[in-house]
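Here are the chains, one letter per residue:
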Amino acid sequence: MSKNIKLMQGNEACVEGALYAGMRFYAGYPITPSTEIAEKSAELLPTVGGKFIQMEDEIAGIAAAIGGALTGKKSMTATSGPGFSLKQENIGYAMIAEIPLVIVNVQRGGPSTGLPTAPAQGEIMQAKWGTHGDHPVIALSPSTVRETFDLTVRAFNLAEKYRTPVMLLTDEIVGHMREKIEIPEPGELEIYNRLEPVEGETYIPYGVREGDLVPRMAAFGSGHRYHVTGLFHDETGFPSNSTENAGFMLDRMMKKVEDNLDDLIEYEEYMLDDAEVCIFSYGSSARAAKTAIDQLREEGIKAGLFRAITIWPFAEKRVKALAEQFDNIVVAELNLGQYVYEVERVVKGAAKVSHVGKANGDVLTPAEIAAKVKEVL
Amino acid sequence: MNNPIVEKYFRMDNLPHIWCPGCGNGIIMLALAKAIDSLGLDKDKVCVVSGIGCSSRAPGYLDFNTLHTTHGRALAFATGVKLANPELEVIVISGDGDASAIGGNHLIHAARRNIGITTIVFNNNIYGMTGGQYSPTTPNGDLGTTAPHGNIDRPFDIAQLAAAAGATYAARSTVYHANQMEKMIETAIAHKGFSMVEVISTCPTYYGRKNKKGSAANMIAFLKDSFIDVKVAEKLPEEKKAGKFLMGEFKKEEGVVEYTVAYESIIERLKK
Ligand SMILES: Cc1ncc(C[n+]2csc(CCOP(=O)(O)OP(=O)(O)O)c2C)c(N)n1
Ligand code: SF4
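Worth saying up front: this structure is predicted, and the values here are computed from it rather than measured. (Residues numbered from 1 in each chain as written. Chains lettered and ligands numbered in written order. Predicted model: local features only at pLDDT ≥ 70, side-chain atom pairs only at ≥ 80, totals over all residues. Heavy atoms only, no water.)

Our next topic: the packing of aromatic side chains. Residue and element names in this part refer to chain A. All chains considered together, the criterion is met by 16 aromatic pairs over all chains. Note on Phe 280 and Tyr 339: the rings are 5.5 Å apart at their centroids and 55° apart in plane angle, and the pair reads as tilted. One end of the pair, Phe 280, is in strand 12 (residues 277-282); the other, Tyr 339, is in helix 12 (residues 339-347), with 59 residues separating them in the sequence. Tyr 339 carries the same exposure label as Phe 280, and that label is buried. Put simply, the rings of Tyr 267, Phe 280, Tyr 282, Phe 306, Trp 312, Phe 314 and Tyr 339 pair up and form one aromatic cluster. The side chain of Lys 128 reaches across the aromatic face of Trp 312, ending 5.1 Å from its centre. (Phe/Tyr/Trp six-rings, centres within 6.5 Å; stacked < 30°, edge-to-face > 60°. Helix = DSSP H or I, 4+ residues; strand = E, 2+ residues; numbered from the N terminus. Buried < 20%, exposed > 50% of the residue type's maximum accessible area, 1.4 Å probe, protein only. Lys NZ or Arg CZ within 6 Å of the ring centre and 35° of its normal.)

The following block contains the structure:
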């Protein structure tokens, strides 16, 4: 069989990955640098019997995507900075109502309209804390076009498995660069589909059956008439003011993440074994970090990379261990300091944590990262 | 209560409802259930979507696929439901604030698309749930907790707004005219395309009390005396129309292609 090799953009790979995972519904609003995701979805979804709709704004985009998900369709919305801000209220809705949904944010320079065509990694903390209240968060960040494909598939799988919105945080560089990728054959990657109610059993919409991770999800129209609300609700799905119930339900939702860290957390390590300094990075910045490491090694400085693939939940256990191994951790990210605070929180002074970053629309260069490493050593 | 309609369509375990005595919401909810019954719809294929507000609590009491969303966004969620599964009969319940303030943009765009959703606006001329602030339909000069010196805003005519934006069915009734309202809701649901039924409701607790409108019964009597059907109004001399409000069917346009039907035809075309 001839291999299916294609030259494509990160944003196109996102749509290809989504379709591979079974996406059948997309709703969104155009915004640079994410627009190609909407365009490609508009082109391809109807060819597989799926639906695309351009809504009147990003709030409506995520709202319609949630509506689509409730009818049993795998659903996605994509945006960039300003649109991500607009989506925040309904991200919280998807979390409390336990809606499987993929939300892509192709990060660009902010705040506000900022630098629409420039890359940034400015929504690392917004992804975690952007919607109000405590809530479970899963966010992934790819570094390459192929990884954008794979992580989109994974985002759908995790959304379906944990019944929660999953965020894919790419950026202008990864979204717009073109790389050759081999599209996996059908069946090559595992695809997870949400569990549906068991036939013949009374359906308890927000109750977890013994042995299940999350409540089973009935599609609207399938014959299980139930209620979905953004208010705290009990197992029946109907609102409840009981503080005991709210505590129980939120705890159950938080545990989707807390109890499954090994399943959720992915990272890559590059030349860390013999390294004397650890560079910590993710997304497009990790590409520059890798080049920096190669250059530093040519100069005799043994640097290595820890690249977070899962942004949330944070790879706390592994980063703690790195702090024992290294005196110096250099965090390289395209902002003025976001993920670095999480590293510092976990390292708790066991290693010296430094930051290299910027937020002026320029990319982070290998030379800048290498210079920071030399400065701290 | 052994009203067969209530028993068939209401979630009896969730009653009594949270609404105040004299609130008009219950009248509209019952009329909706009756209209659905007259149409003989399959309960499994009906989806009722709402936003946030007193009125938006209605879906919790109705035994269908029900979706209580965020403030103002019911039509956006409903658009996703309807497009993803056009087999469903999608009905949106929304307050005047929910539908025309925070949700105003979604309202005009859903109407413009002519997507097959029926929207029932429970218009009590005030923000009920948050305690009596003025809404986009509070009459000029009236009082609200945020209009303590009289409202200087000019009100929306929601039914006409929807019609102008492209709704192919737009009508208005009141909670006094329950039979007519029920018929309108029935027509609206059967209509192929975006349909709007605005129902003037009563909020004795906030709008009524703030504006000295008397008891709930007085407020309902006011609706009886002040609303005249557009068809009747056409034949009345000007002096008889002074101080009256219009109700009835403002727009009924058949044959405009419905949004999800248009989308299905793209899918069919691409199969060839
Ligand atoms: C984003 C957001 N803003 C404000 C509110 C507070 N809020 C809840 S209901 C409501 C207004 C309700 O008025 P209306 O839509 O007319 O419905 P009613 O309660 O009168 O039936 C407001 C402002 C909210 N829940 N969410
Ligand atoms: S506050 Fe007004 S609208 Fe709300 S339940 Fe009471 S009477 Fe009805």
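What follows is about the side chain of B:Thr69. Following the sequence through the fold, B:Thr69 ends up in the loop between strand 2 (65-68) and helix 3 (74-84). B:Thr69 sits in the buried class, given a relative accessible area of 1%. For B:Thr69, the side chain forms a polar contact with the main-chain oxygen of B:Ser50, separated by 2.8 Å. In contact with B:Thr69, other than residues within four places in its own chain, are A:Tyr93, B:Val49, B:Ser50, B:Gly51, B:Ile52, B:Ala74 and B:Phe77. (Polar contact = N/O pair within 3.5 Å; in protein donor to acceptor, adjacent residues only side chain to side chain. Contact = heavy atoms within 4.5 Å.)

In this section: the domain arrangement of chain A. Residue and element names in this part refer to chain A. For chain A, the assigned domains read domain 1 (5-182) and domain 2 (269-376). A separation of 26 Å is found between the C-alpha centroids of domain 1 and domain 2. Taken over both partners, the interface formed by domain 1 and domain 2 buries close to 1900 Å², and the fraction arising from carbon and sulfur atoms is 55%. Together, Gln 121, Ile 124 and Met 125 form the three largest contributors to the area buried by domain 1 at its contact with domain 2, with a combined 31%. Connecting domain 1 to domain 2 are two salt bridges. (Domains from an automatic or database assignment. Buried area = accessible area lost by both parts, 1.4 Å probe. Salt bridge = Lys/Arg side-chain N within 4 Å of Asp/Glu carboxyl O.)

Residues and elements named next belong to chain B. Within strand 3 (residues 89-95), six of the seven residues are buried, leaving the element largely enclosed by the surrounding structure. One ladder, built from five bridges, connects strand 1 (residues 46-50) with strand 3; its direction is parallel. The residue of strand 3 that forms the bridge with Val 48 is Ile 91. Bridge count for strand 3 against strand 4 (residues 117-123) is six bridges, and the pairing is parallel. Along strand 4, the bridge assignment pairs Gly 95 with Phe 122. (Pairing = 2+ DSSP bridges.)

Turning next to the pattern of salt bridges. Inspection of the entire model under this criterion finds 38 salt bridges over all chains. A salt bridge links A:Asp150 to A:Arg146, with the shortest nitrogen-to-oxygen separation between them at 3.0 Å. Within this pair, A:Asp150 and its partner A:Arg146 are both found in helix 6 (residues 145-162), separated by four residues, close to a single helical turn. Judged by its relative accessible area of 25%, A:Asp150 falls in the partly exposed class. When salt bridges with common partners are traced through the structure, they connect A:Arg225, B:Arg11, B:Lys43, B:Asp44 and B:Asp63 into a single cluster.

This brings us to the sheet that holds strand 2 of chain B. Across the sheet, nine strands lie side by side as 10(A)-2(B)-1(B)-3(B)-4(B)-6(B)-5(B)-8(B)-7(B); this open sheet has mixed pairing. Only two strands of the sheet have a single partner each, and these edge strands are strand 10 (227-229) of chain A together with strand 7 (227-229) of chain B. Ignoring which end each strand starts from, the neighbouring axes of this sheet average 20° apart. By the bridge criterion, six bridges tie strand 5 (residues 169-174) of chain B to strand 6 (residues 195-200) of chain B in an arrangement that is parallel. Considered in strand 6 of chain B, the bridge of B:Ala171 is made with B:Val197. Where helix 2 (residues 25-39) of chain B meets the sheet, it contacts strand 1, strand 3, strand 4 and strand 6 of chain B, and its direction lies at approximately 155° from that of strand 4 of chain B. (Axes fitted to C-alpha atoms, helices over the stretch in contact; angles between N-to-C directions.)

Packed helices, taken two at a time, are described by the angle between their axes plus the distance between the axes. Residue and element names in this part refer to chain B. Between helix 5 (residues 104-113) and helix 6 (residues 158-165), the shortest axis-to-axis distance is 7 Å and the interhelical angle comes to 45°. With respect to helix 6, the element helix 5 is oriented oblique. Here helix 5 runs over helix 6; the crossing is right-handed. Contact with helix 5, carried on its side by Leu 107, Ile 108, Ala 111 and Arg 112, involves Ile 158, Leu 161, Ala 162 and Ala 165 of helix 6 and no other residues of that element. Its residues assigned to classes, the contact of helix 5 with helix 6 shows seven nonpolar, no polar and one charged. (Parallel < 35°, antiparallel > 145°, perpendicular 65-115°, else oblique. Left-handed = near helix turned anticlockwise from the far one by under 90°. Nonpolar A, V, L, I, M, F, W, Y, C, P; charged D, E, K, R; others polar.)

Next up on the list: helix 2 (residues 35-44) of chain A. For helix 2 of chain A, the complete set of buried residues consists of A:Thr35, A:Ile37, A:Ala38, A:Lys40, A:Ser41 and A:Leu44. Where the residues of helix 2 of chain A are buried, they touch helix 1 (10-21), strand 2 (23-28), strand 3 (51-54), strand 4 (74-79) and strand 5 (101-109) of chain A.

Looking now at the site of ligand 1. In the vicinity of ligand 1 there are 17 residues, among which B:Cys54, B:Ser55, B:Asp98, B:Gly128 and B:Met129 approach most closely. Among the chains of the assembly, those with residues near ligand 1 are chains A and B. A distance of 2.9 Å is found between an oxygen atom of ligand 1 and a backbone nitrogen or oxygen belonging to B:Met129. Contact with the protein chains removes 77% of the 590 Å² of surface that ligand 1 exposes when unbound. With three residues, the top contributor of residues to the shell around ligand 1 is helix 4 (residues 96-100) of chain B. Its residues placed into classes, the shell around ligand 1 shows six nonpolar, eight polar and three charged. (Near = heavy atom within 4 Å. Areas by Shrake-Rupley, 256 points an atom, 1.4 Å probe, with all protein chains shown as cover.)

This part takes up the interface of chain A and chain B. As a measure of interface size, the accessible area lost when the parts come together is often cited. Of the residues lining the interface, 37 residues belong to chain A; the matching set on chain B comes to 39 residues. Counting the surface chain A buries against chain B, the share from its top three residues, A:Lys51, A:Glu56 and A:Arg225, is 23%. Counting across the interface, chain A meets chain B through four salt bridges. Here A:Arg225 ties to B:Asp63 by a salt bridge, and the two come within 3.0 Å at their closest N and O atoms. Where chain A touches chain B, the interface holds 17 residue pairs in polar contact (both at pLDDT 80 or more). Residue assignment for the side of chain A that touches chain B shows that the elements contributing at least two residues are strand 3, helix 3 (58-70), helix 4 (81-96) and strand 10 of chain A. With eight residues, the single largest contributor to the side of chain A that touches chain B is helix 3 of chain A. Looking at the side of chain A that touches chain B residue by residue, the class counts come to 17 nonpolar, 14 polar and six charged. Here strand 10 of chain A runs beside strand 2 of chain B; their pairing, made up of three bridges, is parallel. Paired with A:Val228 across the strands is B:Leu67, a residue of strand 2 of chain B.

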